[in-house]
Amino acid sequence: MTRGTTHAAAGTLLALGLLAGSTPTGTGSGGTPAVAAPPRLVAYDSCAEALADLRSAASAAVGPWGFDPGWRTGIQEDLALPAAAAAEKAAAPEHSTTNAHEPDADEPDLVKTDGRRIVTVTRGVLRVVDPATRVVTGRLFLATAGWDATGPGGGLLLHGGRALVLTRAAAPDAGPLPRPAGPLVRPGAPDAGTATERPAGPAGPRLVLVDLAGAPRVLATYRIDGNLLDARQTGATARVVVRSTPRLPFPYTEQGTDAERTAANRAVIARAGLDAWLPRYEWTAGADQGAGRVGCDRVSRPTTGSAASLLTVLSFDLGADRLGDGDPVGVAADADTVYGTAGSLYLIGQRGPAIPGTARGRWSELIATDVYRFDLTGPGHPRYVAAGRVPGAPLNQYALSEWQGDLRIATTTERAWGGDPTSESAVHVLRRRGDTLDEIGRVGGLGRGERIQGVRFLGPTGYVVTFRRTDPLYTVDLSDPTAPRVTGELRITGWSAYLHPLPDGRLLGVGQEADEQGRALGFQVSLFDVTDPARPVRLARHHVPGTASAAEFDPHAFLHQPTTGLVALPVQDAVRLLRVSATGIAEVGTVDHGPGTAVTRSLLVAGTLWTVSDGGLKATDPVTAREVGWLPAT
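Residues numbered from 1 in each chain as written. Predicted model: local features only at pLDDT ≥ 70, side-chain atom pairs only at ≥ 80, totals over all residues. Heavy atoms only, no water.

Enquirer: Teacher, can you tell me more about the overall build of the chain here?
Expert: Each helix and strand in the chain was counted, giving three helices and 40 strands. As displayed, the chain offers around 24500 Å² of accessible surface, 52% of which is attributable to carbon and sulfur atoms. (Helix = DSSP H or I, 4+ residues; strand = E, 2+ residues; numbered from the N terminus. Areas by Shrake-Rupley, 256 points an atom, 1.4 Å probe, with all protein chains shown as cover.)

Enquirer: I would appreciate a short explanation of the sheet that holds strand S12 (residues 280-285) in the present structure.
Expert: Note on sheets: strands pair through backbone hydrogen bonds, and any given pair is parallel or antiparallel. Read from one edge to the other, the open sheet built from six strands follows the order S6-S7-S8-S9-S12-S13, with strand pairing classed as antiparallel. Each edge of the open sheet carries a strand with a single partner, namely strand S6 (155-159) and strand S13 (288-293). Each neighbouring strand pair of the sheet contributes to a mean axis angle of 15°, computed without reference to strand direction. Where S12 meets S13, six bridges bridge the pair, whose relative direction is antiparallel. Within S13, the position partnered with Glu282 by the bridge is Ala291. (Pairing = 2+ DSSP bridges. Axes fitted to C-alpha atoms, helices over the stretch in contact; angles between N-to-C directions.)

Enquirer: It is not clear to me how the state of the cysteines should be interpreted in this structure. Could you clarify?
Expert: Working definition: the covalent bond between the sulfur atoms of two cysteines is a disulfide. All told, the structure shown has one disulfide when counted by the stated rule. Put simply, Cys47 and Cys296 are joined by a disulfide, and their sulfur atoms are 1.8 Å apart. What makes Cys296 buried here is its relative accessible area of 5%. (Disulfide = S-S within 2.5 Å. Buried < 20%, exposed > 50% of the residue type's maximum accessible area, 1.4 Å probe, protein only.)

Enquirer: Whenever I open this one, the packing of aromatic side chains confuses me. Can you help?
Expert: The geometry of an aromatic ring pair is captured by the separation of the ring centres together with the interplanar angle, meaning the angle of the planes. On inspection of all chains with the given rule, the structure shows ten aromatic pairs. Measuring from ring centre to ring centre gives 6.0 Å for Tyr222 and Tyr281, while their planes differ by 15°; the resulting arrangement is stacked. Of this pair, Tyr222 sits in strand S9 (residues 217-224) while Tyr281 sits in strand S12, and the two are 59 residues apart along the sequence. (Phe/Tyr/Trp six-rings, centres within 6.5 Å; stacked < 30°, edge-to-face > 60°.)

Enquirer: Mind showing me how you'd approach the pairing of strand S40 (residues 626-632) here?
Expert: Where strand S39 (residues 616-621) and S40 come together, six bridges link them in antiparallel fashion. Opposite Ala619, over in S40, you have Gly629 as the bridge partner. The antiparallel hairpin formed by S39 and S40 contains four residues in its connecting segment, where Ala625 sits at a positive phi of about 65°.

Enquirer: Is there a simple way to explain the sheet that holds strand S35 (residues 574-580) in this structure?
Expert: If you walk across this open sheet you meet the four strands as S33-S34-S35-S36, and the pairing is antiparallel. Because the sheet does not close on itself, it has two edges, and the strands there are strand S33 (559-561) and strand S36 (585-591). Across the sheet, the mean angle from the axis of one strand to that of its neighbour is 20°, orientation sign disregarded. Pairing of S33 with strand S34 (residues 566-571) involves three bridges; the strand directions are antiparallel. Each residue of the ladder has a partner; that of His560, found in S34, is Val567.

Enquirer: Whenever I open this one, helix H3 (residues 258-271) confuses me. Can you help?
Expert: Side chains of residues three or four places apart in an α-helix project in the same direction, reflecting 3.6 residues per turn. For H3, built from 14 residues, the straight-helix expectation of 20 Å at 1.5 Å per residue is met to within 8% by its first-to-last C-alpha distance of 20 Å. Three or more residues of H3 are buried, namely Arg261, Thr262, Asn265, Val268 and Ile269. Seen along its axis, H3 keeps its buried residues to an arc of 115°; they face one direction. In H3, the exposed positions that point more than 90 degrees away from the buried face belong to Ala259 and Arg271. The elements touched by buried residues of H3 are helix H1 (47-61). (Expected span 1.5 Å × (residues − 1). Arc of directions from axis to C-beta. Contact = heavy atoms within 4.5 Å.)

Enquirer: Looking at this structure, how should I read unusual backbone geometry?
Expert: Most peptide bonds take the trans configuration, and most residues that are not glycine carry a negative phi. Within the chain, Arg134 stands out as a residue other than glycine whose phi angle is a positive 60°. Counting through the fold element by element, Arg134 comes out in the loop between strand S4 (125-130) and strand S5 (135-141). On the accessibility criterion, Arg134 (31% relative accessible area) is partly exposed. Backbone geometry places Tyr252, a non-glycine residue, at a positive phi of 50°.

Enquirer: Just checking my understanding: could you explain the pattern of salt bridges for this structure?
Expert: For side chains of opposite charge, pairing can occur when their charged atoms come near one another. Summed over all chains, the structure comprises 30 salt bridges. With a closest N to O distance of 3.8 Å, Glu282 and Arg223 form a salt bridge. Of this pair, Glu282 sits in strand S12 while Arg223 sits in strand S9, and the two are 59 residues apart along the sequence. Taken individually, Glu282 and Arg223 each receive the classification buried, so the pair is uniform in this respect. Here Asp406 and Arg431 are joined by a salt bridge, their closest N and O atoms 2.8 Å apart. Of this pair, Asp406 sits in strand S22 (residues 406-413) while Arg431 sits in strand S23 (residues 424-433), and the two are 25 residues apart along the sequence. Among the charged side chains, a salt-bridge network with shared partners connects Asp109, Asp554 and Arg601. (Salt bridge = Lys/Arg side-chain N within 4 Å of Asp/Glu carboxyl O.)

Enquirer: Sorry, what's going on with the side chain of His560 here?
Expert: Mapped onto the fold, His560 is located in strand S33. Ignoring anything within four residues of it in the chain, the contact list for His560 reads His500, Leu502, Pro503, Gly565, Leu566 and Val567.

Enquirer: Teacher, can you tell me more about the side chain of Asp515 here?
Expert: Inspection of the secondary structure assignment puts Asp515 in the loop between strand S30 (506-514) and strand S31 (520-529). For Asp515, a relative accessible area of 19% corresponds to the buried category. A polar side-chain atom of Asp515 sits 2.9 Å from the main-chain amide nitrogen of Arg519. If we ignore the near neighbours within four places in the chain, the residues touching Asp515 are Arg469 and Leu521. (Polar contact = N/O pair within 3.5 Å; in protein donor to acceptor, adjacent residues only side chain to side chain.)

Enquirer: Please explain the nonpolar core as it appears in this structure.
Expert: Across soluble globular proteins, nonpolar side chains have a tendency to be buried as a group. Leu164, Tyr222, Val240, Leu248 and Trp277 are the most contacted members of the largest nonpolar core, which totals 46 residues. If you tally residues by element for this core, the top one is H1, at six residues. Every residue in contact with Trp277, bar those within four places of it in the chain, is listed here: Leu51, Leu54, Arg55, Ala58, Pro246, Leu248, Ile269, Ala272, Ala307 and Leu310. Ranked by size, the runner-up nonpolar core spans 19 residues in total, among them Ala557, Phe558, Val571 and Ile585. (Core = buried A, V, L, I, M, F, W, Y, C linked by side-chain atoms within 4.5 Å.)

Written as structure tokens, this is what we have:
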């Protein structure tokens, strides 16, 4: 057995790039305020210097109740596999893929397929289904508790005959890591060789690399301190982003004054060692295992960062037999959104006023968004290369888009505390100049008094939906990134939360209908004709009163087949099948898994629609909505 160690910290530490400040670009149309220059990155020459800087930043940011307020952050059985090794190389049947933002940057989801197999993970159990024979060919019981793969970033990534299971943060005692050796049984079963209990270690995301070429078996595991933020995959490489906070034992007492409590917290920071900020990790691969911490030679800090959290980017080769230490890179900053392409990874976080109430009526203290860009094109780990800042906050990752080297980002600017009838939205264009992301263009004044509800960038055009009582769908011309402009506007009731491109200059909006007072009336699908950017038109809609769809906030739940026009959407507990043409929307039928069982995902393999729930998988004819097979989860 080999034992890994913490990264060495001798010699000159790795500089991940110095982010030079930039000059504010001034006020855009509609009076949108400019914000301070983007943060620069502090590089350290020693671990002692790193510790002193992190202590200083944390001490300046801490208050009587710790770091809040500050950053605003979200939210085996042995069954024979019939496919032989030669079949692994055969051409896969036609199949759908996860509905991801960028086609060359796959995203984790609860179900994946390569056409030869369907892989799901629910309630700590990984299942493999052969869609041709419609039978379960393998099950792998990962653990009985603490292995929730739902939520942001959780789920599966698939490459060849390997699956990477990503789970969210869990308590240290949530269950043992499965040992990558021999067939596994349910944890707790009377087989001392099936799992290995570990002493208390990292309390955070758990990653499991599973071999699917035969009965599914664990090849390697990984665990690190923090919370799983998200992940992206290009080819065989998976990039996993983890957010952690320093382990500082603040007293959190109500005794004394605010100044006394702040002083006590600063004393805790002054005594803390560098290990308080550096996440711990552990890994296993066969008989080998290792443990360590992210090295101080892999951590940098923006000058404006509070050192109240650390973002760690991990890289894993899904074609290998082990995960290793993840080749970590850390930035002492915070983020709540990940956006990725094949060549870039962006981490996005909002920064607000230090004290509630100080922003009322003051443009200079409105929430701003910091953007950190990593370059993925070179060998080895990602390189932190540039940062930028824009006013306001984006809705989600779909509010960002990289096109021809520039980053477009749509944000809503409003007061940091409470409602703001003078809020407005804007689209900003950022271009990398050296080590900063400078704003080169902006168009503002979108939806005054409203907030962004949906965004989609498609090449040189952007579509932005804002809402308060009605739904303006704006078309934005970005063909000249230095002079973006609004070219069209369509006002209708309700709003679209997710926008999906269709052939023939059409756009599909998934959201809610609403009355003229802005009250939601139920799930709605809208078909827009956007061939004329000056006059977008709604051609048809499908409305289900009093309902909602998970696709409104989770695009992974949306399925579209361009060749047939099939659209599958979860509505309440069932999946509603629609046929969308260039001129209209027709209902095909619904698919359910029984009373009280929510159907969460849909996928297509060789012309068969598969739907997924905790209860099992159902095979359906997508033309008639007739059931052709049922595989219960038990």
